[in-house]
2 protein chains.
Amino acid sequence: MTAPNKQAVKAYLLNLQDKICQALAAVDGKETFVEDSWQRPEGGGGRSRVLTNGAVIEKGGVNFSHVHGSSMPASATAHRPELAGRSFEAMGVSLVIHPNNPHVPTSHANVRFFIAEKEGAEPVWWFGGGYDLTPYYGNDEDCRHWHNTAKAACAPFGEDKYPRYKKWCDEYFYLKHRDEPRGVGGLFFDDLNELDFDQSFAFMQAVGNSYTQAYVPIVERRKDEPYNQAQRDFQLYRRGRYVEFNLVYDRGTLFGLQTGGRTESILMSLPPLVRWEYDWQPQPNTPEARLYEHYLQPQDWAE
Amino acid sequence: MTAPNKQAVKAYLLNLQDKICQALAAVDGKETFVEDSWQRPEGGGGRSRVLTNGAVIEKGGVNFSHVHGSSMPASATAHRPELAGRSFEAMGVSLVIHPNNPHVPTSHANVRFFIAEKEGAEPVWWFGGGYDLTPYYGNDEDCRHWHNTAKAACAPFGEDKYPRYKKWCDEYFYLKHRDEPRGVGGLFFDDLNELDFDQSFAFMQAVGNSYTQAYVPIVERRKDEPYNQAQRDFQLYRRGRYVEFNLVYDRGTLFGLQTGGRTESILMSLPPLVRWEYDWQPQPNTPEARLYEHYLQPQDWAE
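Residues numbered from 1 in each chain as written. Chains lettered and ligands numbered in written order. Predicted model: local features only at pLDDT ≥ 70, side-chain atom pairs only at ≥ 80, totals over all residues. Heavy atoms only, no water.

## Description of the relation of the copies chain A and chain B
Okay, step 1: Expressed as a screw transformation, the operator carrying chain A onto chain B has a rotation angle of 180 degrees and an axial translation of 0.0 Å, and the superposed copies differ by an RMSD of 0.0 Å. Such a turn and shift between the copies fits a two-fold axis. Within chain A, the C-alpha atom positioned nearest to the axis of rotation is that of valine 274 of chain A, 2.6 Å from it.
Okay, step 2: The share of interface residues of chain A whose copies in chain B are also at the interface is 100%, consistent with both copies meeting through the same surface. (Least-squares fit on C-alpha atoms with pLDDT ≥ 70 in both. Contact = heavy atoms within 4.5 Å.)

## Considerations on the UniProt feature "binding site: a divalent metal cation" (unreviewed entry) in chain A
Residue and element names in this part refer to chain A.
Okay, step 1: This chain's UniProt record puts "binding site: a divalent metal cation" (unreviewed entry) on His98, His108, His147 and His177. On the basis of their most widely separated C-alpha atoms, the annotated residues across 80 residues do not gather in one place, lying as much as 26.2 Å apart.
Okay, step 2: As for its position among the elements, histidine 98 is in strand E4 (residues 87-99).
Okay, step 3: Residue histidine 98 is classed as buried on the basis of its relative accessible area of 0%.
Okay, step 4: Among all residues touching histidine 98, those that are not within four sequence positions of it are Ile57, Glu58, Lys59, Thr106, Tyr136, Arg239, Tyr242, Ser269, Leu270, Pro271 and Pro272.
Okay, step 5: Structurally, histidine 147 is set in helix H3 (residues 140-154).
Okay, step 6: Look at histidine 147 and you get buried, because its relative accessible area is 0%.
Okay, step 7: Discounting residues that sit within four places of it in the chain, histidine 147 has contacts with Tyr162, Lys166, Val184, Gly185, Gly186, Trp301 and Ala302. (UniProt positions renumbered as here; feature names shortened; annotations may be inferred. Helix = DSSP H or I, 4+ residues; strand = E, 2+ residues; numbered from the N terminus. Buried < 20%, exposed > 50% of the residue type's maximum accessible area, 1.4 Å probe, protein only.)

## Considerations on the packing of aromatic side chains
Okay, step 1: Per the counting criterion, the structure on display carries 60 aromatic pairs over all chains.
Okay, step 2: The interplanar angle of 75 degrees and the centroid separation of 5.7 Å between the aromatic rings of tyrosine 172 of chain A and phenylalanine 245 of chain A together place this pair among those described as edge-to-face. Of the two residues, tyrosine 172 of chain A sits in helix H4 (residues 161-172) while phenylalanine 245 of chain A sits in helix H6 (residues 229-248), which places them 73 residues apart along the sequence.
Okay, step 3: What makes phenylalanine 245 of chain A buried here is its relative accessible area of 0%.
Okay, step 4: Where tyrosine 165 of chain B meets tryptophan 168 of chain B, the ring centres are 6.2 Å apart and the plane angle is 35 degrees; that geometry is what we call tilted. Taken as a pair, tyrosine 165 of chain B and tryptophan 168 of chain B lie in helix H4 (residues 161-172) at a separation of three residues, close to a single helical turn. (Phe/Tyr/Trp six-rings, centres within 6.5 Å; stacked < 30°, edge-to-face > 60°.)

## Details of the packing of H3 of chain A against H4 of chain A
Residue and element names in this part refer to chain A.
Okay, step 1: At a closest axis distance of 8 Å, the pairing of H3 and H4 adopts a crossing angle of 130 degrees. In terms of orientation, H3 lies oblique with respect to H4. As H3 runs across H4, the sense of the crossing is right-handed. In this structure, H3 contributes His147, Ala150, Lys151 and Cys154 to the contact, and H4 contributes Lys161, Tyr162 and Lys166.
Okay, step 2: Considered class by class, the residues forming the contact of H3 with H4 number three nonpolar, one polar and three charged. (Axes fitted to C-alpha atoms, helices over the stretch in contact; angles between N-to-C directions. Parallel < 35°, antiparallel > 145°, perpendicular 65-115°, else oblique. Left-handed = near helix turned anticlockwise from the far one by under 90°. Nonpolar A, V, L, I, M, F, W, Y, C, P; charged D, E, K, R; others polar.)

## A word on the pattern of salt bridges
Okay, step 1: What the rule picks out here adds up to 56 salt bridges over all chains.
Okay, step 2: Between glutamate 264 of chain B and arginine 178 of chain A there is a salt bridge; the shortest N-O distance is 2.8 Å. Note that glutamate 264 of chain B is positioned in helix H8 (residues 263-266) and arginine 178 of chain A in the loop between strand E7 (174-175) and strand E8 (180-181), a pairing that runs across two chains. No difference in accessibility class separates glutamate 264 of chain B from arginine 178 of chain A, as the two residues are buried.
Okay, step 3: Here glutamate 244 of chain B and arginine 178 of chain B are joined by a salt bridge, their closest N and O atoms 2.7 Å apart. A residue pair is termed long-range when its members are at least 10 positions apart, and glutamate 244 of chain B in helix H6 (residues 229-248) and arginine 178 of chain B in the loop between strand E7 (174-175) and strand E8 (180-181) qualify at 66 residues. With respect to burial, glutamate 244 of chain B and arginine 178 of chain B carry one shared label: buried.
Okay, step 4: Each of Glu141, Asp142, Arg221, Arg222 and Glu225 of chain A takes part in one network of salt bridges that share partners. (Salt bridge = Lys/Arg side-chain N within 4 Å of Asp/Glu carboxyl O.)

## Some points on the environment of threonine 106 of chain A
All names here are of chain A.
Okay, step 1: Following the sequence through the fold, threonine 106 ends up in strand E5 (residues 106-117).
Okay, step 2: Separated by 136 residues in sequence, threonine 106 and tyrosine 242 place their C-alpha atoms 9.4 Å apart.
Okay, step 3: Not counting chain neighbours up to four residues away, the residues in contact with threonine 106 comprise Val96, Ile97, His98, Pro99, Asp132, Leu133, Thr134, Tyr136, Tyr215 and Tyr242.
Okay, step 4: A polar atom in the side chain of threonine 106 sits 2.6 Å from the side chain of tyrosine 136. (Polar contact = N/O pair within 3.5 Å; in protein donor to acceptor, adjacent residues only side chain to side chain.)

## Quick look at the interface of chain A and chain B
Many authors give the size of an interface as the accessible area that is lost as the parts come together.
Okay, step 1: Across the contact, 29 residues belong to chain A and 29 residues belong to chain B.
Okay, step 2: Carbon and sulfur atoms supply 60% of the area that chain A and chain B bury against each other, a total of about 2,500 Å² over both sides.
Okay, step 3: Sorting the residues of chain A by area buried against chain B places Glu264, Trp276 and Tyr278 of chain A first, and these three jointly supply 32% of that buried surface.
Okay, step 4: The interface formed by chain A and chain B holds four salt bridges in total.
Okay, step 5: Taken together, chain A and chain B are joined by 15 residue pairs in polar contact (both at pLDDT 80 or more).
Okay, step 6: Among the elements of the structure, strand E2 (44-52), H6, helix H8 (263-266) and strand E10 (273-275) of chain A are those that each provide at least two residues to the side of chain A that touches chain B.
Okay, step 7: Considering each element in turn, the side of chain A that touches chain B owes the most residues, six residues, to H6 of chain A.
Okay, step 8: The residue inventory of the side of chain A that touches chain B, partitioned by class, reads 16 nonpolar, four polar and nine charged.
Okay, step 9: Relative to strand E10 (residues 273-275) of chain B, E10 of chain A runs antiparallel, the two being bridged by three bridges. Each residue of the ladder has a partner; that of valine 274 of chain A, found in E10 of chain B, is valine 274 of chain B. (Buried area = accessible area lost by both parts, 1.4 Å probe. Pairing = 2+ DSSP bridges.)

## A look at the UniProt feature "site: Important for dimerization" (unreviewed entry) in chain A
Okay, step 1: Following the UniProt record, the feature "site: Important for dimerization" (unreviewed entry) maps to His177 of chain A here.
Okay, step 2: Since its relative accessible area comes to 11%, histidine 177 of chain A is described here as buried.
Okay, step 3: For histidine 177 of chain A, the contacting residues outside a window of four places in its chain are Glu244 and Tyr249 of chain A together with Leu257, Thr263 and Leu267 of chain B.
Okay, step 4: For histidine 177 of chain A, the side chain forms a polar contact with the side chain of tyrosine 249 of chain A, separated by 2.8 Å.

Okay, here's the thing in structure tokens:
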């Protein structure tokens, strides 16, 4: 079994952040990412990059962070009590892109590596990550492209990977109090260490590297579609679900807030403008109803 | 010790909801509250009332709910493990008012009664509640009036009540990840049963009855103050803190979502329109900076 190489993971993540920011700034065409570097007093820090008020991207954040500490936070040991008392390092890239145009879906991606160490014991480590898509006005072609890209990224690692991580994504990005998925899903994996280190790391890279291939063509196809105020209002309303998910359920958000992460970087995922409307329901036979009836029903998008 | 009278509490709460809605609709002058009654499949239900797009109130919700179940939810037994396994009833009125004008503060109030029963054992019961004020552009006169009203409501029940529940309010409505109070506070009490039932119930009534006396004069004073787009934007930005608090920390919200309460009624507290802006900071020596430096610093507002 190969020993875990923290430096290689870190170098990959920093480079991934660069490449994703370049690709998204290119598709935006107007604004670029502005960087903030930050230090965490308890250990580690990060490099936050935000693009706001772009031609295509209303608000997009692509974060790198690397935090370490002498004991694992509660959110991480809840399902792994054997890790209590170990020192840890967590590093990852996490991004959320909120476009201006309601025809362009919001996307989220994350790749991460955890390692928990103790003097005289084997390190415990795992990878996690994935990406998921949240359309407002869905499009079958986009959903198929998104999932086909995810499936192709998983293929070299075994036929079981895509169906397993696609299902996990559907289950994870789910708003219990709404009985509603957050979007059309994608991939979600966590606790990945059953492959050896090199293979697990390669899998994380395959996921990280395929995100722009999955997202950019969809943005290109939809960014110039005309939209009206009612469609914009629906987008702002649906963004409320994004806020509800991230603040009530998201493990990464809770981990960040509990470990004293940088609040502005963690909450960069929240949309720039959001509406809540009491007991709103879509009218039957509208594109808004179709989101609920078709796109928010988990299904086999990949071919 | 007087036996707890659930029917009397329920009758009071229904009447309080009526009176508060009447007072707020009167100050709005344009719109009235629209009612939805709902049933909870597991037991109980509620009466939600919402006023939207008023002359003064952009979105206001005043809920009555009465839920019961055969076992206490986790959020309620976490700090009272002796209640696990008892049946429970929870009833209360909860409200949040989001005004249009950034010079009018947002207000929240809640009064509630819990009772947990078991065959052959004394019932365990308590009251909780309070109210707190969240200004955008603060005003010392308003803060003093708010706290003086709260203090006067507490006075007949002993000199210790106001300082104790004022402090508890400051501690409860606090955003740890921002190191920021939600507003200028008010009253917060919970687990109140050390007075006998009649006195505890009377205290809850004193709090419930004084809410409109605390809030309406402030609304009347500020509702016609002119404001510009920058001030409106600041209000929308600060509303983000309200969302963060309610979804990450608020015990009532978590209790409601965990007990299968009606999601639209629970999340009625969320503002109609909200902005998040990455790493926004107020300019020095502005009214926006004064909110952080003066109003969001807990202090003795009452005389």
